[in-house]
Amino acid sequence: MEQSQQFILNIVHRPEMVPEYAEKVTGHGQAEDIGRKALLTESLDIFKIQQECAHKNGLKTTIQMTYASLFNDEAVALAKEHHDTYGDEIGLTLLGLPCEQFREKYKTKDFCIWMFSMEDKKRIVTDVFEKFHDRFGFYPESTGSYYMDADLINYIKSKYPQVKCAVATCWEEGPKAYHTCNNSWYTFMDGGPWAPWIPSKANTHAPAADETEDSGIVAIPHLSRDLIACYDGNGSNFGTHPQNVLRGMIYEGEEYPYLYNLIDQFRYQAKFNDGYAYNMMFVGPGWMNKMGRWEAPYELLKKSYEDGCAYYGQLKKEGKLIDMTMREFADFYRQKKTYTQPECALWRDILYGSKKQVFWYCDPFLRVCINMDQGGAIVDLRPYAAKLRWPVGIGTAHVQDASYPFLIQEKYRAGYFTHYAGEGTIRSAKICHGGEEVDLCLCRTKAHFSQEGTDRILTLDPVEIVFVDLTVKLQTVLTFTEASSAIRIDRHILSMSDPDADVTINEYMTACYGTTEYAEDMTGLTLCVEQGESREEIAYAYRCRELSKENADRVSCTLPAIATYVSMTCKGRGQAGYIREGYAFSPMFTFGYTGKLCDKEVFTTWLNLEKAN
């Protein structure tokens, strides 16, 4: 395969002897019994089918043994056989903890490793890893869960240094998923990368910026998600896991073209990532229950998985896919990527036919989403530069909420289209003339990606802004310079119906912080506008105050609660910087620059992120 066409696939199977949900389904109304022989037998049979689906299509897998499976002689023997016969890797997952042995020892029904106390995390890790060693005679080189917090990863790496790869987060698995699970799925982990990364020692979501921050593992996501549909709705319905597609009811009869389109869209991302793209499936037997799942019968569940593996297998035969185990992928990734090399995704809607397009960018300093349906506005921004320490689990301030906080998040803090009063979080610009004002959020456009040296450049199609007596053609260009922790935005006036006219531009960011829909206490934030030696501040107190300065060098906000300093600088004619405090009904802050633009002129701003001192 040519270097420019590397599409890497990880298939991860787990012999989960007591699959999620399955006990209640197979139990037929009987009292709970996670040791029921019928349940264990069916689970192992389904695991065998999943393995067969991969192997008959020439694909190797990573078998991540669960704690429960380590007590099952047949599961252990199967793993050894498939390792010897097909080259499958034998790894260890921290999912699948519940079994009779676990509940008897730990006296709990908890099963999410990151939610335990740190003391129990260490006990469980030691217990599970040593049991694995007893059964196989070696320690695993890969592990994983839905999410693994930084303290957990650091402990595993220190005690079992041979571990080099882990499933470490489930992309955008937060309030949206919670609400679609009858408000009962307490796994909040929004804000992480959607593609493989090297986690920092401080926070799993935030990629390491250098060797000193490197946690020692390569992390992969739990499933590859649709980067629009998952963000807009429940991600559990939109992934390259065939049964996700069935759960989302994105099929007709026995056909599911969306699944193949989604896989192909991931292949397409190689164009934006130096010829490399990635895809993964992480599957337990509970997805192929003999009683059926969702409204789909077992026969369709099985067929969809067979068809999915067949599609991957065909891509491999055509030289368009490389299948790897997790261990192999970790070595590949270390050779392929540098710490500061970003992950980019120019993603289009393949589900609803809306022609919507977004651009995702992720590096060790920020994760950002640009929405072309809103004129290239920033609709999601996570300040990775802060490398925020965020301990998770019992005994911490965040028992369930592992999300990386946002500064901007249109789903939880409205965005441009909001209530009749107040504001939502957004980074956009307003063009004003003769008493009229147009926000670029109203100007739908499309984007084109290019790369020049260490710059990743997003060039938007020009938009036309029509005032009563003036028509303006404007083009936006966003530039992401590797390792800069800044986003440059250029607004070019390409033409005006009256070449002698001018317009006022207002480059603004409205933001806050949080991980859910609910407002945090903004007291403690400090807004600042600087010009030379002059520095004026507003200590946030919900009082609607505003300050501005001509020729301001910088406008900024310090957010101690998330260790973040965010600022904006500007280059443009007649510019003035301003800061604005919000109020209780609209608990945001806003800062930005205003200036003048004539025909053929450019107004440039930089949005900068740093760790607050």
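Our subject in this report is the structure included herewith. Here the structure is a predicted model, which means the values were calculated and not measured.

The next point concerns empty space enclosed by the protein. In total, this model carries 6 cavities of 30 Å³ or more according to the counting rule given. The space that makes up the second largest cavity amounts to roughly 150 Å³. Of the residues assigned to the lining of the second largest cavity, the class counts are 12 nonpolar, 2 polar and 3 charged.

What follows deals with helix 6 (residues 150-159). Within the sequence span of helix 6, burial applies to Ala150, Leu152, Ile153, Tyr155 and Ile156. Residues of helix 6 that are buried make contact with helix 5 (118-136).

Pairing is possible between side chains that carry opposite charge, provided their charged atoms lie close to one another. Taken as a whole and judged by the stated rule, the model has 44 salt bridges. Between Asp45 and Lys48 there is a salt bridge, with its nearest N and O atoms 3.9 Å apart. Taken together, the residues span about one helical turn, with Asp45 and Lys48 both in helix 2 (residues 37-55) at a distance of 3 residues. For Lys320, the salt bridge identified is with Glu318, shortest N-O distance 3.2 Å. Judged by its relative accessible area of 37%, Lys320 falls in the partly exposed class. Taking the relative accessible area as the measure of exposure, Glu318 reaches 41% and is therefore partly exposed.

A few words now on unusual backbone geometry. The bulk of non-glycine residues show a negative phi, and the bulk of peptide bonds are trans. Although it is not a glycine, Glu172 sits at a positive phi angle of roughly 55 degrees. Its location among the elements puts Glu172 in the loop between strand 5 (165-169) and helix 7 (175-179).

Glancing now at the layout of surface pockets. Taken as a whole, the second largest pocket holds about 220 Å³ of empty space. Forming the boundary of the second largest pocket are Asn261, Asp264, Gln265, Tyr268, Phe272, Leu346, Arg348, Ile350, Gln357, Ala447, His448 and Phe449. At the level of secondary structure, the elements contributing two or more residues to the lining of the second largest pocket comprise helix 10 (257-268), strand 9 (343-348) and strand 16 (447-452). For the lining of the second largest pocket, the element with the most residues is helix 10, which contributes 4 residues. Within the lining of the second largest pocket, the residues separate by chemical class into 6 nonpolar, 4 polar and 2 charged.

In this fold, Glu507 is placed in strand 21 (residues 502-511). Given the relative accessible area of 0%, Glu507 is considered buried. Looking at Glu507, its side chain comes within polar contact range of the side chain of Arg491, at 2.6 Å.

Inspection of the entire model under this criterion finds 0 disulfides. Distance from the sulfur of Cys170, which forms no disulfide, to the nearest cysteine sulfur (Cys230) is 7.6 Å. Judged by relative accessible area, which is 1%, Cys170 ranks as buried. The cysteine Cys528 is free of any disulfide, with Cys557 supplying the nearest cysteine sulfur at 9.9 Å.

Further remarks concern the sheet that holds strand 5. The parallel open sheet is built from 3 strands, whose spatial order is 4-5-6. Sheet topology places strand 4 (142-144) and strand 6 (218-221) at the edges, where each strand pairs with a single neighbour. Here the strands of the sheet are splayed against their neighbours by 30 degrees on average, with no regard to which way each runs. Pairing analysis gives 4 bridges linking strand 5 to strand 6, with the strands arranged parallel. In the sheet register, Ala166 faces strand 6, and the bridge partner there is Ala219. Helix-sheet contacts for helix 12 (residues 326-336) involve strand 4, strand 5 and strand 6, and the interaxial angle to strand 6 is about 115 degrees.

Inspection of the entire model under this criterion finds 34 aromatic pairs. Geometrically, the ring pair formed by Trp114 and Tyr146 is edge-to-face, given 6.5 Å between the ring centres and 85 degrees between the ring planes. Taken together, the residues Trp114 in the loop between helix 4 (100-106) and helix 5 and Tyr146 in the loop between strand 4 and helix 6 connect sequence positions 32 residues apart. Residue Trp114 shares its accessibility class with Tyr146, and that shared class is buried. Look at Tyr384 and Tyr404: their rings are 5.2 Å apart centre to centre, the planes differ by 90 degrees, and that puts the pair in the edge-to-face class. Here the residue Tyr384 occupies a position in the loop between strand 12 (377-382) and strand 13 (408-409), and Tyr404 occupies one in the loop between strand 12 and strand 13, the gap between them amounting to 20 residues. Judged by relative accessible area, Tyr384 falls into the buried class, the value being 0%.

Between its terminal C-alpha atoms helix 10 stretches 16 Å, which fits the 16 Å expected from 12 residues at 1.5 Å a residue. Residues of helix 10 that are buried: Tyr258, Leu259, Leu262, Ile263, Gln265 and Phe266. The buried residues of helix 10 occupy an angular sector of 155 degrees when the element is viewed end-on, so they sit on one face. Structurally, helix 10 contributes buried residues whose contacts are with strand 1 (6-13), helix 8 (229-232), helix 9 (242-247), strand 7 (276-283), helix 11 (298-317) and strand 9.

What follows covers the environment of Phe136. Examined against the element boundaries, Phe136 turns out to sit in helix 5. Looking at Phe136, the relative accessible area reads 11%, which means it is buried. Separated by 66 residues in sequence, Phe136 and Leu70 place their C-alpha atoms 9.5 Å apart.

Turning next to the pairing of strand 10 (residues 357-363). Burial analysis of strand 10 places 7 of its 7 residues in the buried class, which makes it a mostly covered element. Where strand 9 lies against strand 10, 6 bridges are found, and the strand directions are antiparallel. From the neighbouring strand, Glu343 faces strand 10, where its bridge partner is Cys362. Counting the residues in the hairpin turn of strand 10 and strand 11 (residues 366-371) gives 2 residues.

Cut-offs and rules
- Residues numbered from 1 in each chain as written.
- Predicted model: local features only at pLDDT ≥ 70, side-chain atom pairs only at ≥ 80, totals over all residues.
- Heavy atoms only, no water.
- 1 Å grid on protein atoms, 1.4 Å probe; cavity = no way out; pocket = protein on both sides within 12 Å on 5 of 7 lines; lining within 4 Å.
- Points joined across faces, edges and corners; volume = space filled by probe spheres on them.
- Nonpolar A, V, L, I, M, F, W, Y, C, P; charged D, E, K, R; others polar.
- Buried < 20%, exposed > 50% of the residue type's maximum accessible area, 1.4 Å probe, protein only.
- Helix = DSSP H or I, 4+ residues; strand = E, 2+ residues; numbered from the N terminus.
- Contact = heavy atoms within 4.5 Å.
- Salt bridge = Lys/Arg side-chain N within 4 Å of Asp/Glu carboxyl O.
- Polar contact = N/O pair within 3.5 Å; in protein donor to acceptor, adjacent residues only side chain to side chain.
- Disulfide = S-S within 2.5 Å.
- Pairing = 2+ DSSP bridges.
- Axes fitted to C-alpha atoms, helices over the stretch in contact; angles between N-to-C directions.
- Phe/Tyr/Trp six-rings, centres within 6.5 Å; stacked < 30°, edge-to-face > 60°.
- Expected span 1.5 Å × (residues − 1).
- Arc of directions from axis to C-beta.

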